[in-house]
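For reference, the chains in residue letters:
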Amino acid sequence: MSEHTEALAGLAARIEAAKGFLDIDGKRAKAVELEAQAADPGLWDDPSRGQDVTSRLARARAEVERYDGLRTRVEDAQAIDELLAEGEDADLAAELAAAVGSIAADVERLELAALLSGPYDDHDAIATLQAGAGGTESMDWADMLLRMYSRWAERDGFALEVDDVHYGEEAGIKSATFTLRGTNAYGLLSAERGVHRLVRISPFDAQKRRQTSFAALDVIPALEQEEAEEIEVDEGDLRIDVYRSSGPGGQGVNTTDSAVRITHLPSGIVVSCQNERSQLQNKATAMGILKAKLADLERQRRTEEMDEIRGERKAVDFGSQIRSYVLAPYQMVKDHRTDAEVGDPQRVLDGDIDRFIEAELRRRASA
């Protein structure tokens with residue numbers, strides 16, 4: 001028995017173990033059900049429902065195809081291993097070694113997905129970045145984090161849509177709300193929830209002193225259409241304001257009052273959207289965000305399980321950070337929950353944050 005024989009047997013066992021956590025049989029059945037709905041000629045009479053069905057179908061198919069594809073690759077590699085048992089072949093041996101390495105890496109990703117078994121982990125995510133203590137410094141830091149998550153989304157195949165931005169007077173952003181769409185978007189991004197701390201030589205200080213800045217990321221699961229339809233919002237409880245979209249420095253980015261701000265009077269929740277050029281589209285997006293926030297609020301009131309879903313909120317200041325990004329006097333990014341660290345902050349700020357997300361998900365699972 002070769003080392004590859006044992007490795008492949010171990011990989012096959014790990015794939016089967018992940019199958020139950022991922023509920024592959026359930027997703028396979030769900031895909032069949034969604035395919036029938038997608039084949040309905042009247043599906044796109046309601047565009048939002050059409051988008052919801054096709055999005056859920058794509059996610060279910062992706063999970064099933066990843067599992068099936070890994071099983072097939074293991075079987076193909078095992079066939080090559082059996083051929084090598086009958087006689088040496090340098091080319092086949094090199095092909096097998098490469099295949100085992102590639103499969104092992106993808107099994108790691110499959111197991112990571114298996115850690116995302118929460119009731120909302122497979123949902124899209126609605127995230128809010130908020131600049132904290134530090135004024136302009138922290139506003140600039142919040143803007144850097146928005147760029148980091150945009151780069152990460154692009155690297156990992158997610159779609160990130162910025163719904164609303166409030167710009168700082170001098171630089172950066174006071175806050176931003178964005179939606180992340182893709183497989184397990186909420187489950188993955190929830191690992192980033194918390195306060196992020198930056199230490200650097202200030203580009204805004206003429207004396208070039210070292211400054212510490214803070215910004216916080218909050219994440220809630222987006223609602224699927226069926227869930228959103230269950231949330232009833234009384235129009236009498238809403239105050240809806242329209243205004244002109246603005247960009248950095250207060251400049252107008254649209255010549256019409258297309259941006260929408262919705263205030264839910266009973267809860268005090270305020271949401272806004274200025275991403276679309278149409279007022280109707282902005283209102284629909286803002287209502288979707290509002291319903292997600294109301295659902296999140298209701299979960300907090302109704303069950304202690306929300307502590308596990310949302311995690312503890314902390315003040316956006318010193319001592320509350322989940323991760324520190326140190327650019328001076330030395331360079332390092334360290335996660336204070338998992339002790340994971342990287343000595344190249346620029347790579348992290350360019351979106352290479354998967355190792356931190358994986359470490360936090362494994363920490364949660366072990367806890």
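Predicted model only: the values in this text are computed from it and were never measured.

Let us now look at the overall build of the protein chain. Looking only at helices and strands, the protein chain features 11 helices and 11 strands. Its C-alpha atoms give the protein chain principal-axis dimensions of about 75 × 60 × 40 Å. Counting every position in the protein chain, which comprises 367 residues, the buried fraction comes to 43%. Counted over contacts in the protein chain with a minimum sequence separation of 6, partners at least 24 positions apart contribute 64%. Per element, the accessible surface of the protein chain, about 18500 Å² overall, is 47% carbon and sulfur. Taking the 45 positively charged and 71 negatively charged side chains of the protein chain as two groups, their mean positions are separated by 7 Å.

Time to look at the packing of aromatic side chains. Counted by the stated rule, this structure contains three aromatic pairs. Geometry around Tyr243 places Arg261 over its ring, the cationic atom sitting 4.4 Å from the centre.

Take the sheet that holds strand 9 (residues 321-326) next. Note: strands within a sheet are paired through backbone hydrogen bonds, in either parallel or antiparallel orientation. Taken together, eight strands build an open sheet; the order of strands is 2-3-1-5-4-9-10-11 and the sheet is mixed. Bordering the open sheet on either side are strand 2 (159-167) and strand 11 (341-342), each of which pairs with just one other strand. Two strands pair when backbone bridges link them, and strand 10 (residues 332-335) and strand 11 are joined in this way by two bridges, in the antiparallel orientation. Bridge pairing in strand 11 places Lys334 opposite Glu341.

In this structure, the second largest pocket occupies an estimated 1100 Å³ of space. Contributing to the lining of the second largest pocket are 30 residues, with Ser48, Gln51, Arg181, Leu223 and Gly288 lying nearest its centre. Elements with a minimum of two residues in the lining of the second largest pocket: helix 3 (47-86), strand 2, strand 3 (173-181), helix 7 (225-230) and helix 8 (279-302). For the lining of the second largest pocket, the element with the highest residue contribution is helix 8, accounting for seven residues. The residue inventory of the lining of the second largest pocket, partitioned by class, reads nine nonpolar, 11 polar and 10 charged.

Side chains bearing opposite charge may pair, as long as their charged atoms lie close to each other. Summed over all chains, the structure comprises 37 salt bridges. In this structure, Lys19 engages Asp25 in a salt bridge whose closest nitrogen and oxygen atoms are separated by 3.7 Å. The closest approach of N and O atoms between Asp106 and Arg109, which form a salt bridge, is 2.4 Å. Of the two residues, Asp106 and Arg109 are both situated in helix 4 (residues 90-114); the distance of three residues between them amounts to about one turn of the helix. Among the residues examined, Asp106 registers a relative accessible area of 21% and is labelled partly exposed. Salt bridges here are not isolated pairs; linked through shared partners, they connect Asp52, Arg56, Arg59, Asp124, Glu161, Arg181 and Glu224.

It is worth spelling out the sheet that holds strand 8 (residues 269-273) at this point. Taken in spatial order, the three strands line up as 6-7-8 in an open sheet, and their pairing is antiparallel. The open sheet has two edge strands with one neighbour each: strand 6 (238-243) and strand 8. Taken over all neighbouring pairs, the strand axes of this sheet differ in orientation by 15° on average, direction set aside. Note that strand 7 (residues 259-264) and strand 8 share five bridges and pair antiparallel. Bridge pairing in strand 8 places Thr263 opposite Val270.

Taking 1.5 Å of rise per residue, the 20 residues of helix 5 (residues 136-155) would be expected to cover 28 Å, and the 29 Å separating its terminal C-alpha atoms lies within 8% of that figure. The complete set of buried residues in helix 5 reads Glu137, Ser138, Met139, Asp140, Trp141, Ala142, Leu145, Leu146, Met148, Tyr149, Trp152 and Ala153. Downstream of helix 5 by a residue or two, Gly157 has a phi angle that is positive, lying close to 80°.

Running from N to C, helix 3 and helix 4 point in directions that differ by 155°, and their axes come no closer than 10 Å. Viewed along their axes, helix 3 and helix 4 adopt a mutual orientation that is roughly antiparallel. The crossing of helix 3 and helix 4 is left-handed. Together, Arg66, Leu70, Arg73, Val74, Ala77, Ile80, Asp81, Leu83 and Leu84 of helix 3 and Leu92, Ala93, Glu95, Leu96, Ser102, Ile103, Asp106, Val107, Arg109, Leu110 and Ala113 of helix 4 make up the contact between the two elements. Classifying every residue of the contact of helix 3 with helix 4 by side-chain character gives 13 nonpolar, one polar and six charged.

Another aspect to go through is the pairing of strand 1 (residues 125-131). Where burial is concerned, most of strand 1 is hidden: six out of the seven residues are buried. Two strands pair when backbone bridges link them, and strand 1 and strand 3 are joined in this way by six bridges, in the antiparallel orientation. Residue pairing in the sheet places Ala125 in a bridge with Leu180 of strand 3.

Conventions adopted
- Residues numbered from 1 in each chain as written.
- Predicted model: local features only at pLDDT ≥ 70, side-chain atom pairs only at ≥ 80, totals over all residues.
- Heavy atoms only, no water.
- Helix = DSSP H or I, 4+ residues; strand = E, 2+ residues; numbered from the N terminus.
- Buried < 20%, exposed > 50% of the residue type's maximum accessible area, 1.4 Å probe, protein only.
- Contact = heavy atoms within 4.5 Å.
- Areas by Shrake-Rupley, 256 points an atom, 1.4 Å probe, with all protein chains shown as cover.
- Lys, Arg positive; Asp, Glu negative; His and termini not counted.
- Charge placed at Lys NZ, Arg CZ, Asp CG, Glu CD.
- Phe/Tyr/Trp six-rings, centres within 6.5 Å; stacked < 30°, edge-to-face > 60°.
- Lys NZ or Arg CZ within 6 Å of the ring centre and 35° of its normal.
- Pairing = 2+ DSSP bridges.
- 1 Å grid on protein atoms, 1.4 Å probe; cavity = no way out; pocket = protein on both sides within 12 Å on 5 of 7 lines; lining within 4 Å.
- Points joined across faces, edges and corners; volume = space filled by probe spheres on them.
- Nonpolar A, V, L, I, M, F, W, Y, C, P; charged D, E, K, R; others polar.
- Salt bridge = Lys/Arg side-chain N within 4 Å of Asp/Glu carboxyl O.
- Axes fitted to C-alpha atoms, helices over the stretch in contact; angles between N-to-C directions.
- Expected span 1.5 Å × (residues − 1).
- Parallel < 35°, antiparallel > 145°, perpendicular 65-115°, else oblique.
- Left-handed = near helix turned anticlockwise from the far one by under 90°.

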